[in-house]
Amino acid sequence: MVSRPVNKGTPKAMKLYISDRAPNPRRVQFFLAEKGIEVPTHKVDLAQKEHLKDEFLRLNPRRKVPVLVLDDGTIIAESIAICRYFEALHPQPNLFGAAPKDIALVEMWLRQVELELWLPIQFAFRHLHPALAEREIPQVAQWGEANKPKVLDFLGYLNKRLADSAYIALDRFTIVDLVAVVAIDFMRAARIALPEDLTHIARWRAEVSARPAAKAGA
Ligand SMILES: N[C@@H](CCC(=O)N[C@@H](CS)C(=O)NCC(=O)O)C(=O)O
């Protein structure tokens with residue numbers, strides 16, 4: 001894959017704040033790798049609570065990575081918003097849909113994957129993992145457990161979709177496949193086993209994971 005500097009003429013102060021083993025930064029890193037875009041990064045050590053220090057809080061008072069700082073000082077502190085920014089700057093390869101119907105289908109599936117798969121996995125992780133006890137306040141174990149069946153329910157639905165379609169939203173790889181595979185990879189940290197009988201998900205996951213860009217941030 002050919003890398004190119006981001007947005008010639010304006011990249012000097014651009015910086016992407018990321019962290020190791022963190023699924024949200026990984027979404028952005030995977031997305032950038034798909035597009036062959038290189039952005040200077042700065043690693044924030046979540047375990048050392050660097051994201052709770054004033055220096056980082058000035059960038060994102062919500063205490064989360066990723067954060068993208070543009071050369072004019074604009075701050076974009078949401079993974080998908082960052083991806084949309086780069087999609088607008090570099091429309092090819094297209095990952096959010098191009099034709100009106102495709103844009104709508106990508107948006108529909110992206111919302112479903114984020115709300116019904118990504119979030120329940122995050123809730124299970126954040127409300128059950130001992131490492132998050134100090135950061136997820138209040139940590140409610142019952143809520144963490146309650147989200148596990150929601151994850152499995154959505155995966156059953158996704159498996160049916162993938163029986164009929166090579167990819168989730170369109171007949172080609174999109175941001176939806178990227179987000180879904182990062183979510184499913186993170187199930188391990190959330191201690192949710194991926195049922196072995198979801199064979200269509202297994203086929204699709206192997207294909208998406210084999211993309212060179214999938215290694216970015218993993
Ligand atoms: N809505 C944000 C969520 C970001 C998020 O939850 N990031 C995690 C890392 S994957 C984080 O910074 N966690 C630190 C903490 O919660 O203390 C996005 O999609 O960018």
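Cut-offs applied
Residues numbered from 1 in each chain as written. Predicted model: local features only at pLDDT ≥ 70, side-chain atom pairs only at ≥ 80, totals over all residues. Domains from an automatic or database assignment. Contact = placed C-beta atoms within 7 Å. Nonpolar A, V, L, I, M, F, W, Y, C, P; charged D, E, K, R; others polar. Near = placed C-beta within 6 Å. Pairing = 2+ DSSP bridges. Helix = DSSP H or I, 4+ residues; strand = E, 2+ residues; numbered from the N terminus. Expected span 1.5 Å × (residues − 1). Buried ≥ 20, exposed ≤ 12 C-beta atoms within 10 Å, placed from the backbone. Axes fitted to C-alpha atoms, helices over the stretch in contact; angles between N-to-C directions. Left-handed = near helix turned anticlockwise from the far one by under 90°.

**What to know about the domain arrangement of the chain**
Here the chain is partitioned into domain 1 (4–89) and domain 2 (100–212). Opposite the six residues of domain 1 that make contact, domain 2 presents five residues. Residue classes in the side of domain 1 that touches domain 2 are distributed as four nonpolar, no polar and two charged.

**Here we look at the site of the ligand**
Neighbouring residues of the ligand: Ala22, Pro23, Asn24, Leu46, His51, Arg63, Lys64, Val65, Pro66, Glu78, Ser79 and Arg135. Per-class residue counts for the shell around the ligand are five nonpolar, three polar and four charged.

**Structural notes on the pairing of strand S2 (residues 15–18)**
Where S2 and strand S5 (residues 67–69) come together, three bridges link them in antiparallel fashion. When the bridges of S5 are listed, Lys15 appears paired with Val69. Of the pairings in the sheet, the one linking S2 to strand S4 (residues 41–43) comprises three bridges and is parallel in character. Counted as the bridge partner of Leu16 is Thr41 from S4.

**Things to note about the sheet that holds strand S6 (residues 75–76)**
Strands sit in the order S4-S2-S5-S6 across an open sheet of four strands; the sheet is mixed. The sheet is open, and its two borders are formed by S4 and S6, each paired with just one other strand.

**Thoughts on helix H6 (residues 175–186)**
Since the α-helix packs 3.6 residues into each turn, any two residues three or four apart lie on the same face. Taking 1.5 Å per residue, twelve residues should reach 16 Å; H6 reaches 17 Å between its end C-alpha atoms and fits that length. With eleven of its twelve residues buried, H6 lies for the most part within the structure. At its buried positions, H6 is contacted by helix H1 (23–35), helix H3 (79–89), helix H4 (100–128) and helix H7 (199–209).

**Digging into the packing of H1 against H6**
As a packed pair, H1 and H6 sit with axes 10 Å apart at the nearest point and diverge in direction by 145 degrees. Seen from above, H1 lies across H6 with right-handed handedness. Along its contact with H1, which presents Pro23, Arg26, Arg27, Phe30 and Phe31, the element H6 presents Ile175, Leu178, Val179, Val182 and Phe186. For the contact of H1 with H6, the class distribution of residues is eight nonpolar, no polar and two charged.

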